[in-house]
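Observations on the three-dimensional arrangement
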Amino acid sequence: MSNKSSAPARGLFIAFEGGDGAGKSTQVAMAQQWLEARGSQVVTTREPGGTQISEALRSLVLEHGHGEIDSRTEALIYSAARAAHVQQLIAPALNAGSHVICDRFVDSSLAYQGMGRALGFDAVAQINDFATDGLKPDVTIILDISAADGRARRVAAGGGVEAADRLEAEPDDFHERIRNAFLELAAGDPERYLVVDATLSVAEIHAAITTYLAGLL
Ligand code: TYD
């Protein structure tokens, strides 16, 4: 097939997922550095957030103090933040040839709102298909952690009960549902998922991730 246009090859869309306290931010930063060291352009971003309106929606949905937020409203706020994120930042970056690393994406909504809040995968998938216009990660890396280990990590990192945001403050059985949801999503599409045990050392997790990414690049 001839390629007459000079448009850059589309970048790889990499999502990181996992329960609260799984250590995603550390691994996201290390993966970015690793990709950049190989000469790639990388845009790293997070959800909810990444654009001005999405960051404003992030404050609304995560901070305490906005009164009751029912589950459907919560799911719609996350997906609204995602719609802006995809349109304004993620899709343009991928089209310009950058790899995009996103700390959480649709699977977080499927896990937290679909299973955690019991709205079901199907309803949450539908609103997210609309929000993303069908954009899906090329690969999703799940840092797998039990509810108890995740809580212990958050406390050790200085995020005690008072510091917990609206979602972190949920009980262990909520977080156990989240974990199972991520594992179910990965099992349903093993080609596009890498599941890593988040209790391994930082270096071991990074090695598993880079070995996997090297195979894709
Ligand atoms: P954040 O502080 O970014 O958590 P973490 O560092 O663990 O990623 O807060 C994001 C919170 O929002 C987290 O508890 C998961 C939750 N969340 C959802 O419930 N649905 C979603 O679609 C997304 C993106 C996040």
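Data block above holds the structure.
A few points on the structure. What you see is a predicted model, and the numbers here were worked out from it, not measured in a lab. (Residues numbered from 1 in each chain as written. Predicted model: local features only at pLDDT ≥ 70, side-chain atom pairs only at ≥ 80, totals over all residues. Heavy atoms only, no water.)

**Quick look at the overall build of the protein chain**
For clarity, the threshold we go by: Helix and strand assignments come from DSSP, with helices taken as H or I runs of at least 4 residues and strands as E runs of at least 2, each series counted from the N terminus. The cut-offs for exposure are 20% and 50% of the maximum accessible area for each residue type, with area from a 1.4 Å probe on protein chains only; residues under the lower value are buried, those over the upper are exposed, and the others partly exposed. A contact between two residues is defined here by any heavy atoms of the two lying within 4.5 Å. Only the protein chains shown count as covering a residue, and every accessible area follows the Shrake-Rupley method with a 1.4 Å probe.
A tally of regular secondary structure across the protein chain gives 8 helices and 5 strands. Its helices and strands taken in sequence order, the protein chain reads β-α-β-α-α-β-α-α-β-α-α-β-α from the N to the C terminus. In terms of overall dimensions, the protein chain has a C-alpha envelope of 55 × 35 × 30 Å along the principal axes. Residue burial in the protein chain is summarised as follows: out of 217 residues, 45% are buried. For the protein chain, long-range pairs separated by at least 24 residues make up 77% of all intrachain contacts whose partners lie at least 6 apart in sequence. Looking at the protein chain as shown, the accessible area adds up to about 10600 Å², and 53% of this sits on carbon and sulfur atoms.

**Concerning empty space enclosed by the protein**
This is how the line gets drawn: Only protein atoms enter the 1 Å grid, on which a cavity is a set of points fitting a 1.4 Å probe that cannot get out and a pocket is an open set with protein on both sides within 12 Å along at least 5 of 7 lines, lining residues being those with an atom within 4 Å of a point. Grid points are joined across faces, edges and corners, and a volume is the space filled by probe spheres set on the points. Gly is placed with the polar residues, together with every amino acid not listed as nonpolar (Ala, Val, Leu, Ile, Met, Phe, Trp, Tyr, Cys and Pro) or charged (Asp, Glu, Lys and Arg).
Taken as a whole and judged by the stated rule, the model has 2 cavities of 30 Å³ or more. Counted as a void, the largest cavity has a volume near 50 Å³. Looking at the largest cavity, the residues that line it are G19, D20, I145, S146, A147, G150, R154, H175 and I178. When residues of the lining of the largest cavity are traced back to their parent elements, those giving at least two are α6 (147-156) and α7 (172-188). Counting residues per element, the lining of the largest cavity draws most heavily on α6, at 3 residues. Classifying every residue of the lining of the largest cavity by side-chain character gives 3 nonpolar, 4 polar and 2 charged. Approximately 30 Å³ is the volume found for the second largest cavity. Lining the second largest cavity we find G18, G19, I142, L143, D144, I145, R179 and F182. Mapped onto the lining of the second largest cavity, the elements with two or more residues apiece are β4 (139-144) and α7.

**As for the layout of surface pockets**
A volume near 620 Å³ is recorded for the largest pocket. Residue lining of the largest pocket: 28 residues in total, with D20, K24, R104, D165 and E168 positioned closest to the centre. Of all the secondary structure elements, the ones that give two or more residues to the lining of the largest pocket are α1 (24-37), α2 (52-62), α3 (71-95), α4 (106-116) and α6. It is α4 that contributes the most residues to the lining of the largest pocket, 4 residues altogether. Broken down by class, the residue content of the lining of the largest pocket amounts to 8 nonpolar, 8 polar and 12 charged. Considered as a void within the structure, the second largest pocket measures approximately 310 Å³ in volume. Lining the second largest pocket are 18 residues, and of these V106, D107, L110, K136 and R192 sit closest to its centre. Looking at the lining of the second largest pocket, the elements that each hand over two or more residues are β1 (13-18), α4 and α5 (121-132). Per-element tally for the lining of the second largest pocket: the top contributor is α5, with 4 residues. Along the lines of polarity and charge, the residues of the lining of the second largest pocket split into 9 nonpolar, 3 polar and 6 charged.

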